[in-house]
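Listed below, chain by chain, are the residues.
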Amino acid sequence: MRLGGRLAAAIEVLEDIRTRHRPTADALRDWGVSHRFAGAGDRAAVGNIVYDALRRKRSAEYLFGSDTPRAAAFGALLLEWDESPQSLNEALSGDKFAPPLLSEDEIEALSANRLDDAPDAVRADVPDWCAPFLEAQFGAGWVAEGQALSARPPLDLRVNTLKAGRDKVLRELSGMHAAPTAISPNGIRIPPIRGSGRHPNVQAEPAFRKGWLEVQDEGSQIAAILAGAEPGIQVLDYCAGAGGKTLALSAGMENRGQIFAHDSEKQRLAPIFDRLRRADVRNVQVVSRAEDLAPLERKMDLVLVDAPCTGSGTWRRRPDAKWRLTDRQLDVRMAEQEKILVEASRFVRPGGRLTYVTCSMFPQENVERIDAFLVANSDFMPVDHARLFESRFEGKSGSARIDAVKGISLTPAYSGTDGFYVAVLSRAA
Ligand SMILES: C[S@@+](CC[C@H](N)C(=O)[O-])C[C@H]1O[C@@H](n2cnc3c(N)ncnc32)[C@H](O)[C@@H]1O
């Protein structure tokens with residue numbers, strides 16, 4: 001397929017997402033099934049246009065003065081693929097599968113509407129109702145944070161130090177432009193791919209099959225390290241899900257001590273069993289029933305709450321979530337976070353730690369939840385987060401927003417990671 005056919009396909013998929021409220025991955029899969037002639041390169045290119053269009057939707061709509069899938073898809077190529085109206089029309093002309101060329105009116109709108117003059121929430125490519133939250137969290141830098149959240153993400157890997165060292169894995173992945181991550185000592189980054197390219201399928205690599213690496217954003221790796229797991233301790237991973245952080249905690253504990261991995265939704269835990277086996281993790285017990293946690297009350301050295309949240313810190317990877325999120329969903333998440341913090345804190349032993357993590361960029365899910373918890377639970381106190389970060393990532397404190405009392409924020413613009421918030425509380429002895 002030429003660019004015109006790929007662009008037309010992207011418009012079709014965006015239309016499907018819009019009219020039938022479909023998840024992006026499902027709409028792309030269906031398009032692939034009904035266009036079997038399309039090769040892997042075509043599918044990757046169509047997917048990239050669709051995801052770029054969703055990431056930069058507001059900018060594209062502003063430039064075109066129109067909120068159609070056509071504007072979003074053409075906008076993606078203009079904003080992210082180094083195309084100009086002229087180069088696009090040249091590439092599309094004579095291609096019978098291409099959408100109609102840019103009209104004179106569209107070209108005029110593109111030259112009249114300048115993003116520099118656009119409202120902040122448009123330049124940040126976020127919904128209007130979310131803009132005040134980002135501003136409250138990041139102050140003057142909030143538009144830059146929104147812009148970084150609208151860029152393509154890298155592919156980050158965590159080396160499983162139970163089985164391999166980073167240099168060894170880097171050698172295995174040579175030819176993939178893989179490089180050590182800047183902050184996490186166990187991370188490897190494959191930078192974002194430009195244009196129609198796509199990341200390598202690392203799951204098919206022998207190194208992955210041998211359990212030497214996991215796909216995990218560097219921010220998630222850093223959060224797991226900050227949680228404070230050490231060899232020999234007792235840990236409850238209260239919201240373990242598919243086990244991304246459980247595996248990282250176990251590696252940090254060198255397979256010694258005990259991790260209890262729990263999640264209120266049993267089916268979310270399902271992938272953890274294979275992952276534990278592949279990674280050679282031997283110190284994890286999966287506990288799906290909340291009742292079975294009773295004997296652990298006041299016994300855990302560390303309880304990790306990797307809380308359910310809006311996921312606004314991961315909008316680079318799931319840009320459709322940005323437009324689907326509602327204020328009602330945010331309220332539901334905040335209520336869950338409040339409840340889970342209280343439930344999980346029961347398991348912390350006197351003198352132990354409670355670590356709260358979200359992948360949200362909003363203060364309501366982060367510092368405000370911790371403040372509310374601390375008001376009602378006077379036996380918990382925040383640790384000195386500046387010292388904590390420096391002790392774990394010596395000389396790298398400039399790569400996170402750290403407030404000694406209120407916690408640690410990692411962001412795409414500031415830290416080069418997905419957005420994460422980490423607060424560590426200690427319980428009075
Ligand atoms: C952010 S995800 C966890 C991701 C996981 N820790 C990882 O690193 O792969 C949050 C999880 O919290 C779980 N959850 C929601 N409410 C809960 C509750 N009341 N108790 C325990 N887990 C809960 C959800 O099912 C979801 O799997």
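What counts and what doesn't
- Along each chain, residues carry numbers from 1 onward, in the same order as the chain's sequence is written.
- Reporting in this predicted model follows two pLDDT cut-offs: at least 70 for local features of residues, and 80 or more for side-chain atom pairs to be given and counted; totals over whole chains, interfaces and linings ignore these cut-offs and use all residues.
- Only the stretch in contact is used when a helix axis is fitted, and all axes are lines through C-alpha atoms; the angle between N-to-C directions ranges over 0 to 180 degrees.
- Each helix is a run of DSSP H or I of at least 4 residues and each strand a run of E of at least 2, with the numbering of both proceeding from the N terminus.
- Angles are sorted into four bins: roughly parallel if under 35 degrees, roughly antiparallel if over 145, roughly perpendicular if 65 to 115, and oblique for all others.
- Left-handed is the label given to a crossing in which the near helix is rotated counterclockwise from the far helix by less than a right angle, and right-handed is the label when the rotation is clockwise.
- By the convention adopted here, residues make contact when the C-beta atoms placed from their backbones lie within 7 Å.
- Polar here means any residue outside two lists: the nonpolar Ala, Val, Leu, Ile, Met, Phe, Trp, Tyr, Cys and Pro, and the charged Asp, Glu, Lys and Arg; Gly therefore counts as polar.
- Strands are treated as partners if at least two bridges between them are detected by DSSP.
- Where each domain begins and ends follows an automated or database-derived domain assignment.

With that settled, consider the packing of helix α1 (residues 3-20) against helix α5 (residues 69-80). In contact at an axis separation of 8 Å, α1 and α5 are set at 135 degrees when each is read in the N-to-C sense. By the angle between their directions, the pair α1 and α5 is classed as oblique. α5 is crossed by α1, and the crossing has right-handed handedness. Counted together, L7, A10, I11, L14, E15 and R18 of α1 and P69, R70, A72, A73 and L77 of α5 form the full contact between these two elements. Here the contact of α1 with α5 is built from residues that sort into eight nonpolar, no polar and three charged.

What follows is about the sheet that holds strand β3 (residues 187-190). With antiparallel pairing, the four strands of this open sheet are ordered in space as β2-β3-β1-β4. The open sheet has two free edges, formed respectively by β2 (179-180) and β4 (213-215), since each of these has just one partner strand. Note: β2 against β3, two bridges, orientation antiparallel. Directly across from P180, in β3, lies its bridge partner I188.

Along the chain, the position of D105 falls in helix α7 (residues 104-112). Each C-alpha atom, one on D105 and one on F64, is 9.3 Å from the other, the two residues being 41 residues apart in sequence.

Parsing the protein chain into structural domains produces domain 1 (3-118), domain 2 (155-210) and domain 3 (218-427). A straight line from the C-alpha centre of domain 1 to that of domain 3 covers 38 Å.

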